[in-house]
Amino acid sequence: MIHITNEEFSKLSNYIKKHSGIHLKDEKKTMLVGRLNMILTERGFTDFTSYYDYLQRNNDGSEISILIDKVTTNHTYFMREPEHFNFFSRVVLPYLEHSMTHRDLRVWCAASSSGEEPYTLALLMEEFFGNKAMFWDKKLLATDLSTIVLDKARKGIYSKDKVNSLPKIWIQQYFDLYDKENYQVKERIRNQVIYRRFNLLEPVFPFKKKFHVIFLRNVMIYFDNPTKEALIQKMYNALEYGGYFFIGHSETINRDKSNFEYIQPAVYRKI
């Protein structure tokens with residue numbers, strides 16, 4: 001086991017916060033060491049200073065992606081926190097269908113992880129619009145900082161254990177049997193999701209049009225309050241008026257510092 005000094009932890013945690021917004025408190029030191037030891041061993045480093053210097057020299061984003069993937073849990077599954085998806089289907093989609101004139105539906109899954117959340121949203125939209133889907137432009141943007149989880153998401157391959165939690169009719173309609181142990185999301189559904197690497201710390205979001213729905217769930221738990229408040233404001237700016245913002249059930253928005261309207265637990269709206 002390679003040990004980390006207080007100075008090394010400070011340098012590495014500051015680097016992580018600068019590039020991802022993730023704020024590691026001192027009590028996370030043991031976790032960080034445990035998750036990064038294999039990386040240091042594989043790279044041939046005997047201390048965290050050498051690894052930190054290596055990160056500084058790496059400019060293509062690949063190493064920071066691996067680092068962030070290790071630091072975060074990326075724990076996700078289909079229909080996670082189902083109250084959100086029920087609300088999306090029962091309230092949000094009917095509202096948008098009747099209020100939109102151009103039928104250009106823009107949904108952003110801002111922390112896509114390995115793809116279960118954006119594909120769940122894509123399936124819900126497919127179910128809702130049915131035969132009317134051909135008249136709608138309803139591609140979904142899914143972003144994450146980690147290229148590792150994005151590569152997995154694009155392939156859309158999931159174990160039978162994960163997929164079997166979905167309705168059987170969905171499995172029949174929207175998945176192909178990939179091999180004895182896995183299913184793959186059908187190509188026409190995969191093509192409805194656009195995956196991109198994106199850092200939520202970007203000072204200005206580059207999107208030309210605003211979104212009608214944004215899912216940013218179980219991400220802000222990693223951020224300190226100033227980073228969280230700045231991100232919430234950027235999300236507010238990225239939404240159309242009347243648009244919906246979903247966060248994780250363990251997360252909250254300080255309504256004294258935000259213009260979001262509270263709708264129900266972890267669901268807000270731009271007014």
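Basis of the calculations
Residues numbered from 1 in each chain as written. Predicted model: local features only at pLDDT ≥ 70, side-chain atom pairs only at ≥ 80, totals over all residues. Heavy atoms only, no water. Helix = DSSP H or I, 4+ residues; strand = E, 2+ residues; numbered from the N terminus. Rg over C-alpha atoms; globule rule 2.2 N^0.38 Å. Contact = heavy atoms within 4.5 Å. Areas by Shrake-Rupley, 256 points an atom, 1.4 Å probe, with all protein chains shown as cover. Lys, Arg positive; Asp, Glu negative; His and termini not counted. Charge placed at Lys NZ, Arg CZ, Asp CG, Glu CD. Buried < 20%, exposed > 50% of the residue type's maximum accessible area, 1.4 Å probe, protein only. Pairing = 2+ DSSP bridges. Axes fitted to C-alpha atoms, helices over the stretch in contact; angles between N-to-C directions. Parallel < 35°, antiparallel > 145°, perpendicular 65-115°, else oblique. Left-handed = near helix turned anticlockwise from the far one by under 90°. Nonpolar A, V, L, I, M, F, W, Y, C, P; charged D, E, K, R; others polar. Phe/Tyr/Trp six-rings, centres within 6.5 Å; stacked < 30°, edge-to-face > 60°. Lys NZ or Arg CZ within 6 Å of the ring centre and 35° of its normal. Arc of directions from axis to C-beta. Polar contact = N/O pair within 3.5 Å; in protein donor to acceptor, adjacent residues only side chain to side chain.

**A closer look at the overall build of the chain**
Phase 1 of the analysis: Secondary structure summary: the chain contains 11 helices and 10 strands in total.
Phase 2 of the analysis: Against the compact-globule benchmark of 18 Å for 271 residues, the chain has a radius of gyration of 20 Å, which places it among compact chains.
Phase 3 of the analysis: Viewed in the frame of its principal axes, the chain has a C-alpha envelope of about 60 × 50 × 30 Å.
Phase 4 of the analysis: Contacts in the chain between residues at least 24 apart in sequence constitute 73% of all its contacts with a sequence separation of at least 6.
Phase 5 of the analysis: Accessible surface, the chain: about 13900 Å² in total, of which carbon and sulfur atoms supply 49%.
Phase 6 of the analysis: Of the charged side chains in the chain, 39 are positive and 33 negative, and the gap between their average positions amounts to 4 Å.

**Focus on the pairing of strand 5 (residues 182-185)**
Phase 1 of the analysis: Side chains Asn182 and Gln184 project from strand 5 onto one buried face, and the interleaved Tyr183 and Val185 project onto a second face that is buried too.
Phase 2 of the analysis: The pairing of strand 3 (residues 157-159) with strand 5 spans three bridges and is antiparallel. Across the sheet, the residue bridging to Ile157 is Gln184, located in strand 5.
Phase 3 of the analysis: Bridge count between strand 4 (residues 175-177) and strand 5: three bridges; the pairing is antiparallel. Counted as the bridge partner of Asp176 is Gln184 from strand 5.
Phase 4 of the analysis: In textbook terms, the turn of a hairpin is the stretch between consecutive antiparallel strands, and for strand 4 and strand 5 this stretch comprises four residues.

**A short note on the packing of helix 1 (residues 6-20) against helix 3 (residues 48-57)**
Phase 1 of the analysis: In contact at an axis separation of 10 Å, helix 1 and helix 3 are set at 25 degrees when each is read in the N-to-C sense. With respect to helix 3, the axis of helix 1 lies roughly parallel. Seen from above, helix 1 lies across helix 3 with left-handed handedness. Residues Glu8, Lys11, Leu12 and Tyr15 of helix 1 lie in contact with helix 3, whose contacting residues are Phe48, Thr49, Tyr51, Tyr52, Leu55 and Gln56.
Phase 2 of the analysis: Partitioned by chemical class, the residues of the contact of helix 1 with helix 3 number six nonpolar, two polar and two charged.

**A short note on the packing of aromatic side chains**
Phase 1 of the analysis: By the definition in use, this model includes 29 aromatic pairs.
Phase 2 of the analysis: Pairing Phe45 with Tyr54 gives two aromatic rings, centres 5.3 Å apart and planes at 55 degrees, and the pair type is tilted.
Phase 3 of the analysis: By relative accessible area, which is 16% here, Phe45 ends up buried.
Phase 4 of the analysis: An angle of 75 degrees between the planes, with centres 6.4 Å apart, marks the rings of Trp170 and Tyr174 as edge-to-face. Here Tyr174 and Trp170 lie together in helix 9 (residues 168-174), a separation of four residues that amounts to about one turn.
Phase 5 of the analysis: What links up through ring pairs into an aromatic cluster is the set Phe85, Phe87, Phe88, Tyr95, Phe215, Tyr244 and Phe246.
Phase 6 of the analysis: Taking NZ or CZ as reference, Lys270 lies 4.5 Å from the ring centre of Tyr241, over its face.

**So, helix 3**
Phase 1 of the analysis: If you check which residues of helix 3 are buried, you get Phe48, Tyr51, Tyr52 and Leu55. Along helix 3, the residues classed as buried sweep out an arc of 100 degrees about the axis, all on the same side.
Phase 2 of the analysis: Capping of helix 3 at its N-terminal end is provided by Asp47; its side-chain oxygen lies 3.2 Å from the backbone amide nitrogen of Thr49.

**Things to note about the sheet that holds strand 3**
Phase 1 of the analysis: Strand order across the open sheet formed by three strands is 3-5-4, with antiparallel pairing between neighbours. Each edge of the open sheet is held by one strand with a lone partner, namely strand 3 and strand 4. Mean inter-strand twist for the sheet, computed between neighbouring axes without regard to direction, equals 35 degrees.

**Focus: the sheet that holds strand 6 (residues 193-197)**
Phase 1 of the analysis: Spatially, the seven strands line up as an open sheet ordered 6-2-1-7-8-10-9, and their pairing is mixed. Unpaired on one side and paired on the other, strand 6 and strand 9 (260-264) mark the two borders of the sheet. Direction aside, the axes of adjacent strands within the sheet are offset by 20 degrees on average.
Phase 2 of the analysis: Of the strand pairs in this sheet, strand 7 (residues 211-216) and strand 8 (residues 239-247) are connected by five bridges, and their pairing is parallel. For Phe211, the partnering residue across the bridge sits in strand 8 and is Leu239.
Phase 3 of the analysis: In the packing of helix 7 (residues 147-155) onto the sheet, the strands contacted are strand 2 (140-144) and strand 6, and the crossing angle to strand 6 comes to about 165 degrees.
Phase 4 of the analysis: Of the strands in this sheet, strand 1 (107-109), strand 7, strand 8, strand 9 and strand 10 (267-270) touch helix 11 (residues 225-238), which is tilted by about 140 degrees from strand 8.

Interpretation note: all reported values are geometric properties and have no functional meaning in isolation.
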